[in-house]
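# Residue-level structure breakdown
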Amino acid sequence: MSDYKNAADAFAAWGVDTDAALERLKSIPISMHCWQGDDVVGFEKKSGNSGGGIQATGNHPGRARTPDELRADLEFSYSMIPGNHRLNLHAMYLDSDETPDRDAIEYKHFEPWVEWAKTQKIGLDFNPTFFAHDKADDNLTLSHPDQGIRDFWIEHGKRSRDIAAHIGREMGSACVNNIWVPDGYKDIPVDRLAARKRLEASLDAMTAPSHDKAHLLDAVESKLFGIGVEACTVGSHEFYLGYAIRKQMLLCLDMGHFHPTENIADKLSAVSLSLDRILLHVSRPMRWDSDHVILLNDDILAVAQELVGADLLERTSIGLDFFDATISRTAAWIIGTRNMQKALLRALLQPLRQLKKAEAGLDFTSRLMMTEEMKDLPYGAVWSEFCNRMDVPNGLHLIRSLETYQASVTERGM
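An account of the accompanying structure is given in this report. Being a predicted model, the structure only gives us computed values, none of them experimental.

## Here we look at the packing of helix H1 (residues 3–12) against helix H2 (residues 18–26)
For the pair H1 and H2, the least separation of the axes is 9 Å and the interaxial angle reads 105°. Overall, the two elements H1 and H2 adopt an arrangement that is roughly perpendicular. Along the contact surface, H1 presents Tyr4, Ala8 and Phe11, while H2 presents Thr18, Asp19 and Leu22. Here the contact of H1 with H2 is composed, by residue class, of four nonpolar, one polar and one charged.

This is the structure in C-alpha cells:
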C-alpha cells in the first residue's frame, strides 16, 4: 500500500477527504513577488536614491540584472512550484528601451511582461513604486508638504492604475494594484493630522478615475514603521483600515508590518466583516519588517487556518513579500511559495465540522485534544502526492534541482 493511501486512510478516519483537499489546493493561486529576484533594484535606466527604507541584505551570486534574466529565474521557479500562480510586478520593473520618469510610464513599457505571462499561463498583479527615487528622499511622497512633489506621485499612481487595469483586461483576470507609500518621520512630528489629510487627499485624487473591477482591484497597505520613519508612519493600519472601508478597496495586511507580538491571523476575520476582499502579504518579520523567507511556522499555519476556517479563501488575494540576498533567490521564491501551500494544505486537512461543533458546544477539551492529535497525522505524504500529481520534484530531488540551477546562474555575480 502506498504512503499516500495510508495517509488518505488516516485522514479519512477523521472525516477528511484528502483528494478533495488536493483539488482545492490546486485552485489557489499565490502571487509571487518579482523583487525577490533582483534585490529590489528594478530596471529603470536611471538610478535614484534609496528613499523609502527598502533594503535587501547579502551578496549571494546570481542576481537577475535584466528582465530576461529575471523571467528565466521565474520560469524555473514556477516549474518547481505545484499549481498555477501569479506574478506581482512593481512599476520599477518596466521592460523598455525608453527611459520615462515614473510620472510618464505607460502600458507599453510593461507589455513584454504581459506577453510573457500569457505564454506562462500565470496571472499578473501590479504596484506603483513610491521609493528609490529622488522625489522620495524626504521619506514623504503622497503626504509631502510640497504640492509639486505630491502631484508627481499622484500622476505616477494614476498611471500605475491605468497600466494595472490594462493588464487585467489583457489577461482576463483582475489585476490587484497595491498602493504602499513609505511616508513618515524619523523623529516625533508636531502635526500628524496634516500629513494624514494630505495623504488622504492625494489618494482620493489618485484613485478618482474609474476602472472596471473585473480588470482592476485597488488595495492599500499599512505599515507600523520603517527605516528612517521610526517615529510616525503616515499610512498606519488605522488610517488605511478606515480608508479601505470608506472606499471599499482591498486592505493589504502584510505580516511584517505590525508589532512582532500582533496576531495577523486574528485580523483577517475581523476586517472581513467590513470589506468585500482582502490582500494578504505573507512575510516573516524576525525582528520587525525584515522580510525573511517564510517558514512553515506557527504564524503561517495560523494564517492559513484562519483563511480556511473562516471561509475567506475566495475573498483573499494571497501574495508574498520577502527579499533575501544571502541565499539563492530562486530557492527563496520556491521555498516560500511551497511553504505557503503546505500551510494551506494543512488547513484544508482539518476536520473543520467536528472542530467547529466542539467549539460551539463549549467543549474546549475535545477541541484541544483534536487539534493536538491532528498534528501527528502524515501531512508530508499528502504533500508528496500533490507534488507528484503536479509533476514537480520534492525532497532531495527538489534540492538537487535548486543546486543545479543556482550553479548555472552563479557566473552572473552581483
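## Overview of the packing of helix H8 (residues 264–272) against helix H9 (residues 298–309)
Running from N to C, H8 and H9 point in directions that differ by 20°, and their axes come no closer than 8 Å. Overall, the two elements H8 and H9 adopt an arrangement that is roughly parallel. Handedness of the crossing formed by H8 with H9: right-handed. Together, Ile264, Ala265, Leu268 and Ser269 of H8 and Ala302, Val303, Glu306 and Leu307 of H9 make up the contact between the two elements.

## Looking at the nonpolar core
For soluble globular proteins, nonpolar side chains are generally found buried alongside one another. Among the nonpolar cores identified, the biggest contains 117 residues, and Leu87 and Met340 are the most heavily contacted of them. In terms of residue count, helix H10 (residues 329–348) provides more of this core than any other element does, 10 residues in total. One finds Ala174, Leu217, Ala219 and Cys252 within the second-largest nonpolar core, a separate group that totals seven residues.

## Observations concerning the environment of alanine 20
Examined against the element boundaries, alanine 20 turns out to sit in helix H2. Judged by its relative accessible area of 43%, alanine 20 is partly exposed. The sequence separation of alanine 20 and aspartate 97 amounts to 77 residues, and the corresponding C-alpha distance is 48 Å.

## Description of the side chain of serine 143
Structurally, the position occupied by serine 143 is in the loop between strand S3 (123–127) and helix H5 (147–171). In this structure the side chain of serine 143 is engaged in a polar contact, spanning 2.6 Å, whose partner is the side chain of aspartate 183. When residues no more than four places from it in sequence are discounted, the contact partners of serine 143 are Arg150, Asp183, Ala195, Arg198, Leu199 and Val234.

## Describing the layout of surface pockets
As a volume, the largest pocket reaches approximately 810 Å³. Taken together, 26 residues make up the lining of the largest pocket; nearest its centre are Leu301, Gln305, Gln350, Leu355 and Thr371. For the lining of the largest pocket, the elements supplying multiple residues, two or more each, are H8, H9, H10, helix H11 (352–360) and helix H12 (364–374). Counting residues per element, the lining of the largest pocket draws most heavily on H9, which supplies six residues. Grouping the amino acids of the lining of the largest pocket by side-chain chemistry returns 12 nonpolar, five polar and nine charged. Space inside the second largest pocket adds up to approximately 360 Å³. Around the second largest pocket sit 17 residues that line it, and Pro29, Arg86, Arg277, Thr316 and Ser317 are the ones nearest its centre. For the lining of the second largest pocket, the leading source of residues is strand S10 (residues 316–320), giving three residues. For the lining of the second largest pocket, the residue count by class is seven nonpolar, five polar and five charged.

## Some remarks on a negative patch on the surface
Taken together, the side chains of Asp134, Asp137, Asp138, Asp146 and Asp151 make up a negatively charged region of the molecular surface. Relative to the elements of secondary structure, aspartate 146 occurs in the loop between S3 and H5.

## A word on the packing of aromatic side chains
Taken as a whole and assessed by the stated rule, the structure comprises 11 aromatic pairs. Ring plane angle 90° and centroid distance 5.7 Å describe the contact between tryptophan 113 and tryptophan 116, whose orientation is recorded as edge-to-face. With tryptophan 113 and tryptophan 116 both in helix H4 (residues 111–120) and three residues apart, the pair spans about one turn of that helix. A residue is classified by how much of its surface remains accessible, and tryptophan 113, at 0% relative accessible area, is buried.

## A closer look at the pattern of salt bridges
Summed over the entire model, instances satisfying the criterion amount to 22 salt bridges. Where glutamate 98 meets lysine 108, a salt bridge forms, and the shortest distance between an N and an O atom there is 3.4 Å. Within this pair, whereas glutamate 98 is found in the loop between strand S2 (86–90) and H4, its partner lysine 108 is found in the loop between S2 and H4, the two being separated by 10 residues in sequence. With a relative accessible area of 42%, lysine 108 lands in the partly exposed category.

## Observations regarding the environment of methionine 80
For methionine 80, the position within the fold is in the loop between helix H3 (67–79) and S2. Along the sequence, methionine 80 and arginine 338 sit 258 residues apart, while their C-alpha atoms lie 8.9 Å from each other. Look past the residues within four positions of methionine 80 in its chain and what remains in contact with it is Ile334, Arg338, Val392, Pro393, Leu398 and Ser401.

Rules used in this analysis
Residues numbered from 1 in each chain as written. Predicted model: local features only at pLDDT ≥ 70, side-chain atom pairs only at ≥ 80, totals over all residues. Heavy atoms only, no water. Axes fitted to C-alpha atoms, helices over the stretch in contact; angles between N-to-C directions. Helix = DSSP H or I, 4+ residues; strand = E, 2+ residues; numbered from the N terminus. Parallel < 35°, antiparallel > 145°, perpendicular 65-115°, else oblique. Contact = heavy atoms within 4.5 Å. Nonpolar A, V, L, I, M, F, W, Y, C, P; charged D, E, K, R; others polar. Left-handed = near helix turned anticlockwise from the far one by under 90°. Core = buried A, V, L, I, M, F, W, Y, C linked by side-chain atoms within 4.5 Å. Buried < 20%, exposed > 50% of the residue type's maximum accessible area, 1.4 Å probe, protein only. Polar contact = N/O pair within 3.5 Å; in protein donor to acceptor, adjacent residues only side chain to side chain. 1 Å grid on protein atoms, 1.4 Å probe; cavity = no way out; pocket = protein on both sides within 12 Å on 5 of 7 lines; lining within 4 Å. Points joined across faces, edges and corners; volume = space filled by probe spheres on them. Patch = residues over 30% accessible without salt bridge, like charges linked within 9 Å, V, L, I, M, F, W, Y side chains within 5 Å. Areas by Shrake-Rupley, 256 points an atom, 1.4 Å probe, with all protein chains shown as cover. Salt bridge = Lys/Arg side-chain N within 4 Å of Asp/Glu carboxyl O. Lys, Arg positive; Asp, Glu negative; His and termini not counted. Charge placed at Lys NZ, Arg CZ, Asp CG, Glu CD. Phe/Tyr/Trp six-rings, centres within 6.5 Å; stacked < 30°, edge-to-face > 60°.

So yeah, pure geometry; function would need other evidence.
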